[in-house]
Structures are given as C-alpha cells and as structure tokens.
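Summary of structural features
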Amino acid sequence: MESFTEAWELICDYCRAHITDVAYQTWFSRLKPASIDFSQGVATIEVPNEFHKNTLMRCYSDLLTEA
C-alpha cells in the first residue's frame, strides 16, 4: 500500500461493494480515518458519536474486519 489515503479508499470501496447505498451513506460516509498501522493491518476510525460506534460494531464489525 502506497499511502494512508489509498488504503482508506480501498477500505471504503470494499465496504461500499458489500452493503446497500443507503447503509453506506448512513453508517460509513461520515467515518474518518485516524490512523492505519500497515504492519499490523489495523485502522483506527473516528466516528461521529457513541451511537454510531455501537451500531457499526454491532452490525458491521465483520465487514470492517474483512476490509
């Protein structure tokens, strides 16, 4: 992976391809990457609020892990 931005775009593209447009716009479009550790394959993502975080973890944690 060449850059932080490129990695985040690939993560978003993967998620977008596996859920509906409405779900993506509702739950993923407002996420912001805080950091990506390429050696560990771990991304830290900023979310708008605790409710958003809880919903992502409950409904989309597997998808985010895959991405």
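Residues numbered from 1 in each chain as written. Predicted model: local features only at pLDDT ≥ 70, side-chain atom pairs only at ≥ 80, totals over all residues. Heavy atoms only, no water.

1. Structural notes on the nonpolar core
Counting 15 residues, the largest nonpolar core has W8, I19, F28, L56, Y60 and L63 as its most contacted members. The set of elements that each furnish at least two residues to this core consists of α1 (4-18), α2 (21-28) and α3 (50-66). The element best represented in this core is α1, accounting for 5 residues. When sequence neighbours within four positions are dropped, the list of residues in contact with Y60 reads I19, A23, W27, F28 and T55. (Core = buried A, V, L, I, M, F, W, Y, C linked by side-chain atoms within 4.5 Å. Buried < 20%, exposed > 50% of the residue type's maximum accessible area, 1.4 Å probe, protein only. Helix = DSSP H or I, 4+ residues; strand = E, 2+ residues; numbered from the N terminus. Contact = heavy atoms within 4.5 Å.)

2. Considering the side chain of H52
Residue position: H52 is located in helix α3. Given the relative accessible area of 3%, H52 is considered buried. Apart from the residues lying within four places of it in its own chain, the contact partners of H52 are T26, W27, L31 and V47.

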